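Observations on chain architecture
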Amino acid sequence: GENVEQHPSTLSVQEGDSAVIKCTYSDSASNYFPWYKQELGKRPQLIIDIRSNVGEKKDQRIAVTLNKTAKHFSLHITETQPEDSAVYFCAASKGGSYIPTFGRGTSLIVHP
Amino acid sequence: GAVVSQHPSWVICKSGTSVKIECRSLDFQATTMFWYRQFPKQSLMLMATSNEGSKATYEQGVEKDKFLINHASLTLSTLTVTSAHPEDSSFYICSAPTTSRETQYFGPGTRLLVL
């Protein structure tokens, strides 16, 4: 089955800095890669996703890059703000099978 | 985006009792819903896939007789934790995929504490 590795487990940055979270996946058939943000005690919320036919996608301060050859994808957050503090999960799934495999999560702490 | 609700948001019960958690898709139909369990500072662990009108599919290691799932309609799935014990205390989250079946929308979660 699919295996998703996520690093780092904890990331601490100063407000205004950039943050990068990296994930690798094992199944080359995976073609959909969502990222979720989960604030403490709340539901995970989709913040950005990318499909395998695209190498990069950007939405304001958030961007995701995908390297299919290396089977890794990354989340980039620029100009971080304290409200970006949360746990971020990456996931990978295959077309036709929409059960994603989640990474273990990254706790992002943005210090004012 | 699609809205998924969950009830109750939190529950405290005595050991040995059963607890029912409801998951509803409010503005779309969901023939499939997923149930996850999340322990503190850990990732989402898929417990089972709930299928409308048929039996749920359980992940390896999840006891189907302990975690009863019913998906009686296109908008409602229920998870019943039977004979709950303190080790069942956790954050239970349901999700439903959109029509495109790629994106999942999560419920707000139910925090269960078994005393």
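Above this text sits the structure in question.
Residues numbered from 1 in each chain as written. Chains lettered and ligands numbered in written order. Predicted model: local features only at pLDDT ≥ 70, side-chain atom pairs only at ≥ 80, totals over all residues. Heavy atoms only, no water.

1. Remarks on the pattern of salt bridges
Counting across every chain of the model gives seven salt bridges over all chains. Note that A:Lys94 is salt-bridged to A:Asp27, the shortest N-O span being 2.7 Å. Here A:Lys94, found in strand β9 (residues 86-94), pairs with A:Asp27, found in the loop between β3 (19-25) and β4 (30-38); they are 67 residues apart in sequence, far enough to count as distant. Relative accessible area serves as the criterion here: at 38%, A:Lys94 is assigned to the partly exposed category. Between B:Lys66 and B:Asp88 there is a salt bridge, with its nearest N and O atoms 2.8 Å apart. Of the two residues, B:Lys66 is situated in the loop between β6 (57-58) and β7 (67-73) and B:Asp88 in the loop between β8 (76-81) and β9 (90-97); the sequence distance between them amounts to 22 residues. Among the charged side chains, a salt-bridge network with shared partners connects A:Lys37, A:Glu39 and A:Lys42. (Salt bridge = Lys/Arg side-chain N within 4 Å of Asp/Glu carboxyl O. Helix = DSSP H or I, 4+ residues; strand = E, 2+ residues; numbered from the N terminus. Buried < 20%, exposed > 50% of the residue type's maximum accessible area, 1.4 Å probe, protein only.)

2. Considering the interface of chain A and chain B
The interface is formed by 17 residues belonging to chain A together with 21 residues belonging to chain B. In total, chain A and chain B occlude about 1700 Å² of area from one another, counting both sides; carbon and sulfur atoms represent 57% of this. Inspection of the chain A/chain B interface yields zero salt bridges. For the side of chain A that touches chain B, the elements supplying multiple residues, two or more each, are β4, β5 (45-51) and β10 (97-102) of chain A. When residues in the side of chain A that touches chain B are grouped by element, the largest group, four residues, is from β10(A). For the side of chain A that touches chain B, the class distribution of residues is nine nonpolar, three polar and five charged. (Contact = heavy atoms within 4.5 Å. Buried area = accessible area lost by both parts, 1.4 Å probe. Nonpolar A, V, L, I, M, F, W, Y, C, P; charged D, E, K, R; others polar.)

3. Structural notes on the sheet that holds strand β3 (residues 19-25) of chain B
Sheet strands pair via backbone hydrogen bonds, and the direction of the pair is either parallel or antiparallel. All names here are of chain B. Taken in spatial order, the four strands make up an open sheet running β1-β3-β8-β7, and their pairing is antiparallel. Each having just a single partner strand, β1 (4-7) and β7 make up the two edges of the open sheet. Averaged over neighbouring strand pairs, the angle between their axes works out to 15° when direction is ignored. Bridge analysis of β1 against β3 gives four bridges, and the strand direction is antiparallel. (Pairing = 2+ DSSP bridges. Axes fitted to C-alpha atoms, helices over the stretch in contact; angles between N-to-C directions.)

4. Some points on the sheet that holds strand β7 (residues 62-67) of chain A
All names here are of chain A. Pairing is antiparallel in the open sheet, where five strands are placed in the order β1-β3-β8-β7-β6. Each having just a single partner strand, β1 (4-7) and β6 (56-59) make up the two edges of the open sheet. Across the sheet, the mean angle separating the axes of adjacent strands is 15° when strand polarity is ignored. In this structure, β7 lies alongside strand β8 (residues 72-77), joined through six bridges in antiparallel fashion. Residue pairing across strands places valine 64 opposite leucine 75, the latter belonging to β8.

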